[in-house]
Amino acid sequence: MTQQHLAFADWLQSRAQHIETVLDDCLPAADAQPARLHAAMRYAVLGGGKRVRAALVYAAGQACPVNGSTVAVQASMDRAAAAVELIHAYSLIHDDLPCMDDDVLRRGRPTTHVQFDEATAMLAGDALQPLAFELLAEMPIAPALVVQATRALAQAAGSLGMAGGQAIDLDSVGRSLSRDELQTMHTMKTGAMLACSVALGGIVAGASSATREALDDYAHAIGLAFQVVDDILDVTADTASLGKTAGKDAAGNKPTYVSLLGLDDARALAEELRVAAHAALVPLGDSASMLGRLADYIVLRDR
């Protein structure tokens, strides 16, 4: 492994460890009442996951010249990174429920509704969502930036973003989608929150409009690439390496990039999107190096 790869691996691990500590501090104590609900929230959020969304917040902030207090910006980055991880965790809880994808394994262990029960899992997801917005409201940066960040996260998680994409996904089981329809679904379901993670890093750092435009172009590419690779891994990786049930999409007769394009063309598309992500970062120079490494990680990962 090259020094560059080692440096990125160390950085990614340090960010994952750091956000784990931030999330641990943000979540209610496991023994605080209602204890079962709080235990379920902590179970769903802590102790696993790649933390790609949090890493994107930090890397995007690193790519921008920082305005204002460094301490305030760093504290706000932590809250923004925790917020996207909380929204992600809530979405996974709900996606795994019997009324959605009906899965029993997540991050190599029982899903939240299996470990606790369906009602508690539903409430845990319900509680994680407002906690994410509470964290954004507490960011010690300019109020206008707080409003921008809150609006960005709300739109990404709502009916025109993640929730809407999941609705389309559920409605598409057993149907053939065009490539444009599939892209729309995945841009909403998966891409919106990944793109929001990048946008939040830029917002908190007070990025210029030109920088935000470059970040948006990058985010669009990696948001779609992430889902393309997920579709590939669903048919090429096993359950043990994924930490979730492999082959779930095919078994559920869901439209994917592999079912639409075939495995080789899906891989080619992922590579095209990786190249596009790197091209979008050119105007940002060396400060965006970690975003570039994250694009490589997202496309070249094996789990």
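Residues numbered from 1 in each chain as written. Predicted model: local features only at pLDDT ≥ 70, side-chain atom pairs only at ≥ 80, totals over all residues. Heavy atoms only, no water.

Student: Give a detailed account of the side chain of Asp 296, specifying residues and quantitative values.
Tutor: Considering the arrangement of structural elements, one finds Asp 296 in helix α15 (residues 289–300). Aside from chain neighbours lying at most four places away, what touches Asp 296 is Arg 274, His 278 and Arg 301. (Helix = DSSP H or I, 4+ residues; strand = E, 2+ residues; numbered from the N terminus. Contact = heavy atoms within 4.5 Å.)

Student: Account for the packing of aromatic side chains, with residues named and values stated.
Tutor: Tallying each qualifying case throughout the model produces 3 aromatic pairs. Pairing Phe 8 with Tyr 297 gives two aromatic rings, centres 6.2 Å apart and planes at 55°, and the pair type is tilted. In this pair, Phe 8 is assigned in helix α1 (residues 3–26) and Tyr 297 in helix α15, connecting sequence segments 289 residues apart. Residue classification places Tyr 297 among the partly exposed residues on the basis of a relative accessible area of 22%. (Phe/Tyr/Trp six-rings, centres within 6.5 Å; stacked < 30°, edge-to-face > 60°. Buried < 20%, exposed > 50% of the residue type's maximum accessible area, 1.4 Å probe, protein only.)

Student: So what about the pattern of salt bridges? Which residues, and what values?
Tutor: If you walk through the whole model with that rule in mind, you get 14 salt bridges. Two residues, Asp 96 and Arg 106, come together in a salt bridge whose shortest N-O distance is 2.8 Å. Here the residue Asp 96 occupies a position in helix α4 (residues 70–96), and Arg 106 occupies one in strand β1 (residues 105–106), the gap between them amounting to 10 residues. The two residues Asp 96 and Arg 106 agree in class, both being buried. Of the charged contacts, one joins Asp 296 and Arg 293 as a salt bridge, the two residues approaching to 3.4 Å between their closest N and O atoms. Within this pair, Asp 296 and its partner Arg 293 are both found in helix α15, separated by 3 residues, close to a single helical turn. Residue Asp 296 is classed as buried on the basis of its relative accessible area, which comes to 12%. Via salt bridges that share partners, Asp 101, Asp 169, Lys 189 and Lys 254 belong to a single interconnected network. (Salt bridge = Lys/Arg side-chain N within 4 Å of Asp/Glu carboxyl O.)

Student: For unusual backbone geometry, give the residues involved together with the corresponding values.
Tutor: With an omega of 0°, the peptide bond running from Gln 33 to Pro 34 counts as cis. Take Pro 34: it is sitting in the loop between α1 and α2 (35–45). Backbone geometry at Arg 107 places phi at a positive 55°, although glycine is not the residue there. Residue placement: Arg 107 occurs in the loop between β1 and β2 (109–110).

Student: Summarise α4; cite the residues concerned and give the values.
Tutor: Taking 1.5 Å per residue, 27 residues should reach 39 Å; α4 reaches 39 Å between its end C-alpha atoms and fits that length. Of all 27 residues in α4, 22 are buried, a share of seventy percent or more. (Expected span 1.5 Å × (residues − 1).)

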